[in-house]
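Each chain, written out:
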Amino acid sequence: MDVNTNELRDRFLRYVRVNTRSNPTSQTIPSDQKEVAFLADLKEELQKLGLQNVRTNKQSGYVFAELPATDDAPRATLGLIAHVDTADFNSEHVNPQIIKNYDGHSVIKLDATGNYRLDPAVFPNLKNYTGQTLITTDGSTLLGADDKAGVAEIVTALQLLKAHPETKHGRIVVGFGPDEEIGTGADHFDADDFGADFAYTIDGGPLGDLQYETFNAAAATVTFKGTNVHPSEAKDVLVNASQLAINFHEQLPKHDRPEHTAGREGFFFLTDIAGNCDEATLNYIIRDFDRQKFEDRKQLFTNLVAQQNQQFGTPRVHLELTDQYYNMGEVLKKDLTPVELAKKSMEQVGITPHIFPVRGGTDGSKISFMGIPTPNIFAGPENMHGRFEFVSLQTMEQAVRVIIQLAQEVPTR
């Protein structure tokens, strides 16, 4: 079946023009009413396409829907998942630009003055898109292809499968959710209501990406309490909380920072720092692929806090340590069937799979531990989360083809 690229493009453009940035300070589920409104419109679109059991899950805010099997053959239920929220960058008044037949070497001016540019000298990945249609920002916002490309691809694939019942497939369930970018959306995912045997997040990057390993992840907040007196009377009395924070940070391995690590190496990342003499706070994220090394990293934080408190004989340092998600490879390595099906589906449509551990996490990192193994498949965006984000329309089309092929590859039991 043919993918109508104009329809895919127009659906994607319609989605990205809507601001759906999630709110990390909110206590609601979803975190922002902009997401709620977008999901309500998406729910109505799915109903108009003729999907069944279209509903909003009250526990999570996800919109779930179902495409029934084309026959009675006993197959596993396939799940497809994408998130609708965008990242922590300006997402108001997204104004996409379309660059047709990109030549692979020219500089693309994003804004009229050329202050912001996609330059192959800076972004060599542009050279991979010779002859393709690129969709970019205007330099003032992100694009939102992460993950509205995935949303558009799933909806387009479902529309095609619905229109072509001669293409045999089993039951397919889909979930579109909020708050992935702030790391809380999948916390409330209702696996029982979703009802898949295995699933895929369509939330990866370039063509062919296939990921089934993610970091183990934790967040740490370290708070330091000082004793603030006038510096003229400070000897043996003043305790500078900011200096305590500096001392703490300097005891962490200097190599184990994001800017020095790659591949399967983990890290400690100081995301922000605030303070004065009286009180200071350090916020970190802790990452590692190996569970034991991950636990060792957290233990190092606990030990350093204990050492500083012991030094002063009073609890001047307080640690809040929270696990965020775990390496979904722990689940998927027990049965690599979903990975093999994705690999085969890509190969069937002429794509070479690029399998590697993702130095981050996906909603699948949490959903896999809820009993639904969920690898991650490419959706197309590059340079995500900022003004230099872009996506190839041809890559999006290929993602639609992979989804359709996946639906056909699910074997009978």
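Residues numbered from 1 in each chain as written. Predicted model: local features only at pLDDT ≥ 70, side-chain atom pairs only at ≥ 80, totals over all residues. Heavy atoms only, no water.

Peer 1: Explain the packing of helix H2 (residues 33-48) against helix H3 (residues 145-163) here, please?
Peer 2: Between two packed helices, what matters for the description is the angle formed by their axes and the separation of those axes. Where H2 contacts H3, the two axes come as close as 12 Å, and the packing angle between them is 15 degrees. For the element pair H2 / H3, the angle class is roughly parallel. The crossing of H2 and H3 is right-handed. On H3, the residues touching Phe38, Leu42, Glu45 and Leu46 of H2 are Lys148, Val151 and Val155. Looking at the contact of H2 with H3 residue by residue, the class counts come to five nonpolar, no polar and two charged. (Axes fitted to C-alpha atoms, helices over the stretch in contact; angles between N-to-C directions. Helix = DSSP H or I, 4+ residues; strand = E, 2+ residues; numbered from the N terminus. Parallel < 35°, antiparallel > 145°, perpendicular 65-115°, else oblique. Left-handed = near helix turned anticlockwise from the far one by under 90°. Contact = heavy atoms within 4.5 Å. Nonpolar A, V, L, I, M, F, W, Y, C, P; charged D, E, K, R; others polar.)

Peer 1: Help me understand the environment of serine 242, please; the structure alone is not making it clear to me.
Peer 2: Position of serine 242 relative to the elements: it lies in helix H5 (residues 241-250). On the basis of relative accessible area, serine 242 is assigned to the partly exposed category, the value being 24%. C-alpha of serine 242 to C-alpha of threonine 281: the two residues are 39 residues apart in sequence and 8.2 Å apart in space. In this structure serine 242 touches Gly275, Asn276, Cys277 and Ala280, once residues within four positions along its chain are discounted. (Buried < 20%, exposed > 50% of the residue type's maximum accessible area, 1.4 Å probe, protein only.)

Peer 1: I would appreciate a short explanation of the environment of asparagine 57 in the present structure.
Peer 2: Structurally, asparagine 57 can be placed in the loop between strand E1 (52-56) and strand E2 (63-67). For asparagine 57, a relative accessible area of 5% corresponds to the buried category. Along the primary structure asparagine 57 and aspartate 193 are separated by 136 residues, whereas in three dimensions their C-alpha atoms are 7.8 Å apart. Once residues lying within four places of it in the same chain are set aside, the contact partners of asparagine 57 are Tyr62, Phe64, Asp190 and Asp193. A polar side-chain atom of asparagine 57 sits 3.2 Å from a polar atom in the side chain of aspartate 190. (Polar contact = N/O pair within 3.5 Å; in protein donor to acceptor, adjacent residues only side chain to side chain.)

Peer 1: Even after reading the chapter, I still don't get the sheet that holds strand E8 (residues 172-177), so can you show me in this structure?
Peer 2: Consider a sheet: its strands pair through backbone hydrogen bonds, and that pairing is either parallel or antiparallel. Here eight strands make up an open sheet; going across it, the order is E1-E2-E8-E3-E9-E16-E10-E15 and the pairing mixed. This sheet does not close on itself; its edge strands, each paired only once, are E1 and strand E15 (354-355). Direction of pairing for strand E3 (residues 78-83) relative to strand E9 (residues 198-204): parallel, over a ladder of four bridges. Within E9, the position partnered with isoleucine 81 by the bridge is threonine 201. Docked against the sheet, helix H10 (residues 393-409) engages E3, E8, E9 and strand E16 (376-378), running at close to 135 degrees with respect to E16. (Pairing = 2+ DSSP bridges.)

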